[in-house]
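# Tertiary structure, described
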Amino acid sequence: MAYPSNDPGEPERPVGSLETRIVHAAAGAGASLPAETVGPAIQKASTVLLPNTAALFDSSKPTYGRQGLASQMALSQALCELENARFCQLYGSGLAALTGALMSVLKSGDVILVTDGVYQPVRRFCGGLLRRFGVRTIFYPADATPDAILALAPPEARLILIESPASQTFEMTDTPTLARLARDRGILTLMDNTWAAGFAFRPLDHGVDMSAQALTKYVCGHSDVFLGSVCVNDPALETQLRQTMIDAGFAVTGEDAYQGLRGLRTLPTRFDRHAASALEVARWFLQQPETARVLYPALPEDRFHGLWKRDYDRACGLFGVELKPMPPARVERFLDGLRLFGLGFSWGGFESLATLSRPTRTASPWTGGPLVRFSIGLESPGDLIADLDQALSQTRD
Ligand SMILES: Cc1ncc(COP(=O)(O)O)c(C=O)c1O
């Protein structure tokens, strides 16, 4: 059975700068409702009523609610605009986007190369479900060069998973070069691009085959929705992604898709504000005697700054601070003393968060000092710095 395509090539595409196109993408999605609204309808339906018998088998339109209706289609279309993609498949979370992409293209006997800096639950998926289904994972050091990564690839290598910058340790990959070399060898590339939110870096423009992101973070932006996406240009990959989603029975709710689209409208404004504040806070950390290193590619002091500057338009508000060796209790006192920062694992929301990072490594052990991670929110950076200052000062007695 064939299924309808969410190919956004058909609808009229907006013109103007990226910010303008994001705001006007999927405009008119609410036009056929009783009253025209700015946003699309949230269609709550398992059943889709079809106008006649022939339409039951018309694969160009949705025939069942699980395939996604008005708001899901509008969000996919707007994300294509963001990522300069032909196709976008939605998922119920960022993790599902990554595992869904892997399940779509891998088969028993394949080998995948995965960055050692990968999001921890993806590592678990590789060692668990993928392994049970006969797919072997080779981890490569998170700061490895493209040549070094390809040198690890056996003939059965099918895919390279990139996460750049790594979301705990912030190493960067020379993604355009790696994508080109991988393609020459017939190996697919999949990038977790959540840090850049499809806005600071557009992987497909740099030769990556599949661009995944946790929309949960910056696109949704309010710490209250799970969503993920995978954007591709190759129609064959789109078919594989869509068919796997359908075969597995995964679905995205109309409400969540609506929230994702609402978040996307203000992404550029929020994103740049997050980054400007993060840069201020990161610079403050550079001056503190407890700081060993600030891990933030947007800082000229960062060892990946050159790569970031070459390929990225901007940064987000997530960075790490490696502290000089100190007793764990002192790090905990610092984090527990924060008043404006919540303690939590997520990021990309309007509110600032801090967490203690414990990188898991296979190919390249983490040898640095205590690592804390900050997601800088939309509060005033001066207030955030004052809060960090009082919490850090309290540990100095
Ligand atoms: C880099 C990265 N990728 C993917 C995910 C997964 O996103 P979700 O929480 O929507 O499953 C996360 C979540 O923290 C993440 O940090």
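Residues numbered from 1 in each chain as written. Predicted model: local features only at pLDDT ≥ 70, side-chain atom pairs only at ≥ 80, totals over all residues. Heavy atoms only, no water.

This paragraph deals with the overall build of the chain. Per the secondary structure count, the chain includes twelve helices and twelve strands. Against the 2.2 N^0.38 benchmark of 21 Å for 397 residues, the chain shows a C-alpha radius of gyration of 22 Å, consistent with a compact globule. Projected onto its principal axes, the C-alpha positions of the chain cover 80 × 55 × 35 Å. The buried share among the 397 residues of the chain stands at 56%. Once local pairs closer than 6 in sequence are excluded, the contacts in the chain between residues at least 24 apart make up 73%. (Helix = DSSP H or I, 4+ residues; strand = E, 2+ residues; numbered from the N terminus. Rg over C-alpha atoms; globule rule 2.2 N^0.38 Å. Buried < 20%, exposed > 50% of the residue type's maximum accessible area, 1.4 Å probe, protein only. Contact = heavy atoms within 4.5 Å.)

Scanning the model with the defined rule gives 13 aromatic pairs in all. A centroid spacing of 6.0 Å and a plane angle of 70° characterise the contact between Tyr 218 and Trp 347, whose relative ring orientation is edge-to-face. Of the two residues, Tyr 218 is situated in the loop between strand S6 (210-214) and strand S7 (228-232) and Trp 347 in the loop between strand S10 (342-343) and strand S11 (353-357); the sequence distance between them amounts to 129 residues. (Phe/Tyr/Trp six-rings, centres within 6.5 Å; stacked < 30°, edge-to-face > 60°.)

Looking now at the sheet that holds strand S9 (residues 318-323). As summarised here, the arrangement of the five strands in space is S8-S9-S12-S11-S10, forming an open sheet in which the pairing is mixed. The open sheet terminates on both sides in strands that have one partner only, identified here as strand S8 (291-295) and S10. Sheet topology places S10 next to S11; two bridges connect them, and they run parallel. Following the sheet pairing, Leu 343 is matched in S11 by Ala 354. (Pairing = 2+ DSSP bridges.)

A separate point is the site of the ligand. Near the ligand, the surroundings consist of 14 residues, among which Gly 94, Leu 95, Asp 192, Thr 216 and Lys 217 are the closest. Between an oxygen atom of the ligand and a side-chain N or O atom of Thr 216, the distance comes to 2.5 Å. For the ligand, an oxygen atom lies 3.0 Å from a polar atom in the side chain of Trp 347. Contact with the protein chains covers 93% of the free accessible surface of the ligand, which is 390 Å². Looking at which element gives the most residues to the shell around the ligand, the answer is helix H3 (residues 94-105), with three residues. Class assignment for the residues of the shell around the ligand results in six nonpolar, five polar and three charged. (Near = heavy atom within 4 Å. Polar contact = N/O pair within 3.5 Å; in protein donor to acceptor, adjacent residues only side chain to side chain. Areas by Shrake-Rupley, 256 points an atom, 1.4 Å probe, with all protein chains shown as cover. Nonpolar A, V, L, I, M, F, W, Y, C, P; charged D, E, K, R; others polar.)

Residue placement: Ala 329 occurs in helix H11 (residues 328-336). Exposure remark for Ala 329: the relative accessible area of 52% places this residue in the exposed category. For the pair formed by Ala 329 and Thr 395, sequence separation is 66 residues and the distance between their alpha carbons is 9.5 Å.

Within the structure shown, the criterion is met by 16 salt bridges. Its salt-bridge partner being Lys 44, residue Glu 255 comes within 2.5 Å of it at the nearest N-O pair. Of this pair, Glu 255 sits in helix H8 (residues 254-265) while Lys 44 sits in the loop between helix H1 (18-24) and helix H2 (70-83), and the two are 211 residues apart along the sequence. Two residues, Arg 242 and Glu 238, come together in a salt bridge whose shortest N-O distance is 3.1 Å. Here Arg 242 and its partner Glu 238 are both found in helix H7 (residues 235-248), four residues apart, which amounts to about one turn of the helix. Take Arg 242 and Glu 238: they sit in the same class, and that class is buried. (Salt bridge = Lys/Arg side-chain N within 4 Å of Asp/Glu carboxyl O.)

The seven strands lie next to each other as S1-S7-S6-S5-S4-S2-S3, forming an open sheet whose pairing is mixed. Strands with a single pairing partner mark the edges of an open sheet, and in this sheet they are strand S1 (87-91) and strand S3 (136-140). Across the sheet, the mean angle from the axis of one strand to that of its neighbour is 20°, orientation sign disregarded. In this structure, strand S2 (residues 111-115) lies alongside S3, joined through five bridges in parallel fashion. Each residue of the ladder has a partner; that of Val 111, found in S3, is Arg 136. The sheet contacts of helix H4 (residues 120-132) involve S2, S3 and strand S4 (157-163), and relative to S2 the element is tilted by about 160°. (Axes fitted to C-alpha atoms, helices over the stretch in contact; angles between N-to-C directions.)

A word on the domain arrangement of the chain. Under the domain assignment, the chain is made up of domain 1 (18-265) and domain 2 (267-396). Distance between the C-alpha centres of domain 1 and domain 2: 27 Å. Taken residue by residue, the interface counts 42 residues in domain 1 and 42 residues in domain 2. Contact with domain 2 buries area across many residues of domain 1, yet Met 172, Trp 195 and Tyr 218 alone supply 24% of it, more than any other trio. Taken together, the connections running from domain 1 to domain 2 amount to three salt bridges. The closest approach of N and O atoms between Asp 174 and Arg 310, which form a salt bridge, is 2.6 Å. (Domains from an automatic or database assignment. Buried area = accessible area lost by both parts, 1.4 Å probe.)

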